[in-house]
Amino acid sequence: MRARGLIFVSAFLVPSAGVFFVPKEQLTAVSTFLSTQISAEKPVAPTPTEPPANPAPKPVQVPGPSIHVQGVGTAMPDSIPGQSSSQDPTRDATQTGADPSTYTTLPAALIDDGSDDLPALELEPEPPAPEPPKNSPKSDKPTLSSTARETWVFAEPRWASRKLGYLRAGASVERKAKPAGFTSCPEGWYKIKPHGYVCANELTSLDSNHPVVVASATRPKSDGLPYVYVMGRFPTPPFYTRLPSKAEQQKVENDLANALRKAALLAKDPSFVAPPEPDAIPSFLENGSPLPGLANTFRPRDAVTVGRARVRSGFALLGTYEHEGRRFGLTTDLTLIPLDRTRVVKPSAFHGVKLDETVNLPMAFVRSKHAFRYTQTETGAIVRGEPIAHREGVPITDVVKRAGGVTYLQAKDGSFVAEEQVVRVDRFKKAPAWATAGRKWVDVSILKQSLVAYEGEKPVYVTLVSTGADGIGDPKKTHSTIQGAFLIHTKHVTVTMDGDTAGDEFDFRDVPFVQYFTEGFALHAAYWHDEFGTPRSHGCVNLAPIDAAWLFGWTDPPVPEGWHAALSLKRGTLVYTHP
């Protein structure tokens, strides 16, 4: 999947009515790739960006900040307010036609210039807390919680400082007991762990028992899919604001009887995936109580629903509840959807291979669904042996044999695999200039549909991916993955991606482990397909959930515990995409 070109900027935006707009900003760049300082005035009157060079459909307003995914050919805007196109931080200096891996020295775009260093603030030291009386229970440390989809963390206690990342509704982080300042923030700026400052306002709460914090208490997991996911069926599910009565369901869902009969038939299908065991109904949903709305969202208290899901939609669930003979799922936007109108996602079991001294490159991944291992007899004949699983990774040697017009690659266990049934992933032939000791970088081959994670010259992980469906075409005109060397600049634990191109509409909430490296291109997990090893996306690099989770935890910038996203100017892991 490829998001619209403004995604880099979106990391520095402020949500307005569920859709991102660029506030008045001053972006000062010191290179043609990334700016060393990104500053934004306190958001008062959002100013829309200029239209993209190839206009895309206007984003629809859906609950939650979404990344609007283009159809074909949405380019970066000609300029960003307050910044010339030559200073566009999303344009990589390495895109000059030459293969970046052949560079003998690195361009400034790929060199850490210290712009990520945090300022040294001379703040008045906070007096130590008094010792509690002996045998008294330890008091909880003060926390700050997010009540919004995005609560921004700043490098300094002022709106014009650089943004470091954001918290998401339900997240609670440790804070200092007293504010560090009150600049344009009447309730005060609080320093949080591990670094940064958050303004205490309507997007936050100093009370961990705030209704939104309690309702959003389920935190994302860091291995595999972060939540239970479901895909909407047609007719699509409504968004209920509370557990509805039978009368309310019948009024909202005119086709309820037919929908329930259809769901009962689907439950008998061998491929049916049952939802997890229901959770106990929490107190905030008892007796028809309405769910709290996220901060900065309007939800009429007497409204039973707030719209319906779009066609081709996906949702992450915080919990599921049995009510009036049906199962309902609580979404991260704090709405309830009937799960009989959805399909529970069965996570992909595929994952790559961690590499070490004993398991290393080259690696052969089985592409055929009907592949076999082969053995060599004493007479030298190659005979078929046991079947081998689709997409299994087989460590191989450099030994190649031909027999009966077929080329075989020797596995390290002495067996053979047919070359035509596998894709071979090798270590680079010549180390690129950025493969310095200890530096992390990611190599993505579009033709091989492979990804290798390196630390310097040492490969540490290899897997299959799904890049743009149109191969090595023009990424501005087709669903192709961009080529070049880039730095990861924004990482989201999850983020919504949607698109409204005619015939290609979708709304995928909480896409996991998203790592943007230029324009709308990112590495991320895909929960809506299991075709890794085959070109499939709108231009992004799709990974299986297990691989995406591993990579997200390995790359820079790290996302601090409790945060939902982190930003970096020049210290992100390098991503090299090529044929």
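Positions within a chain are numbered from 1, following the residues in the order the chain's sequence is written. Only residues with pLDDT of 70 or above have their local features reported here, since the model is predicted, and side-chain atom pairs are shown and tallied only from 80 upward, although totals for entire chains, interfaces and linings are computed over all residues. To get the side-chain values, all heavy atoms of the structure are used, and hydrogens and water are removed first.

Caption draft 1: Summary view of the overall build of the chain. Numbering of helices and strands runs from the N terminus; a helix is a DSSP stretch of H or I covering at least four residues, while a strand is a stretch of E covering at least two. Across its full length, the chain holds five helices and 37 strands. Sequence-distant contacts in the chain: of pairs separated by 6 or more residues, those separated by 24 or more amount to 68%. Contacts between residues were defined by any pair of non-hydrogen atoms, one from each residue, lying within 4.5 Å.

Caption draft 2: Layout of the packing of aromatic side chains. Side-chain rings of Phe, Tyr and Trp (the six-membered ring for Trp) are treated as a pair once their centres are within 6.5 Å; stacked means planes under 30 degrees apart, edge-to-face means over 60, and tilted covers the remaining angles. A complete count under the given rule lists 23 aromatic pairs for this structure. Ring geometry for F508 against W528: centres 4.5 Å apart, planes inclined by 20°, an arrangement best described as stacked. In this pair, F508 is assigned in strand β33 (residues 506-518) and W528 in the loop between β34 (521-525) and β35 (541-543), connecting sequence segments 20 residues apart. The buried label goes to any residue with under 20% of its type's maximum accessible area, the exposed label to any with over 50%, and the partly exposed label to all in between, with areas taken from a 1.4 Å probe on protein chains only. Residue classification places F508 among the buried positions, given a relative accessible area of 2%. Taking the centre distance of 5.1 Å and the plane angle of 80° together, the rings of Y527 and W528 count as edge-to-face. This pair shows no difference in class: Y527 is buried, exactly as W528 is. These aromatic residues form a ring-pair network of at least three members: Y227, Y229, F506, F508, Y527 and W528. Criterion for a charge above a ring: Lys NZ or Arg CZ within 6 Å of the ring centre, and within 35 degrees of the ring normal. Over the ring of W152 we find K163; its NZ or CZ atom is 4.7 Å from the centre of that ring.

Caption draft 3: Structural context of unusual backbone geometry. A cis geometry characterises the amide bond from L361 onward to P362, with omega recorded as 5°. Cis geometry is found at the peptide bond from D556 to P557, where omega equals 5°. Note that P557 resides in the loop between α5 (545-554) and β36 (565-567). We note that L334 has phi near 60°; this positive angle belongs to a residue other than glycine. Relative to the helices and strands, L334 resides in the loop between β17 (326-331) and β18 (336-338). Although it is not a glycine, Q449 sits at a positive phi angle of roughly 55°. Its place among the elements puts Q449 in the loop between β28 (440-445) and β29 (450-455). A residue is classified by how much of its surface remains accessible, and Q449, at 1% relative accessible area, is buried.

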